[in-house]
Amino acid sequence: VATVASKPEEALTARAGQVLELVALGSSNKEVAEALQLSVRTVENHRHSLMKKLGARNAADLVRAAFDRGLIRT
């Protein structure tokens, strides 16, 4: 469950973090859905939410923003 936080990344759920990690590895929505046993639509919703929280316009921006905030590592 997401909580109110002073920083957007602090409000990420565990599932959103898993989606973010797989996106950062270059996985498609379908691949993420299969890996996490979710529907593609649910993955799309997670990606949209992550992009909004981190101020990203596309997948590259999302990965860059996540890396800059220490949400993912190399």
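Residues numbered from 1 in each chain as written. Predicted model: local features only at pLDDT ≥ 70, side-chain atom pairs only at ≥ 80, totals over all residues. Heavy atoms only, no water.

Caption draft 1: Structural detail: the nonpolar core. Membership of the largest hydrophobic core comes to 18 residues, with the highest contact counts inside it found for Val 19, Leu 20, Val 32, Leu 50 and Leu 62. The biggest single contributor to this core is helix H1 (residues 14-24), with five residues. (Core = buried A, V, L, I, M, F, W, Y, C linked by side-chain atoms within 4.5 Å. Buried < 20%, exposed > 50% of the residue type's maximum accessible area, 1.4 Å probe, protein only. Helix = DSSP H or I, 4+ residues; strand = E, 2+ residues; numbered from the N terminus.)

Caption draft 2: Molecular detail of H1. For H1, every residue scored as buried is listed here: Ala 16, Val 19, Leu 20, Leu 22 and Val 23. Seen along its axis, H1 keeps its buried residues to an arc of 165 degrees; they face one direction. Positive phi shows up at Gly 26, right after H1, with a value of about 95 degrees. (Arc of directions from axis to C-beta.)

Caption draft 3: Fine view of unusual backbone geometry. A positive phi angle, close to 55 degrees, is found at Gln 37, a residue other than glycine. Exposure remark for Gln 37: the relative accessible area of 74% places this residue in the exposed category.

Note that every value here comes from positions in space, so none of it alone points to a role or purpose.
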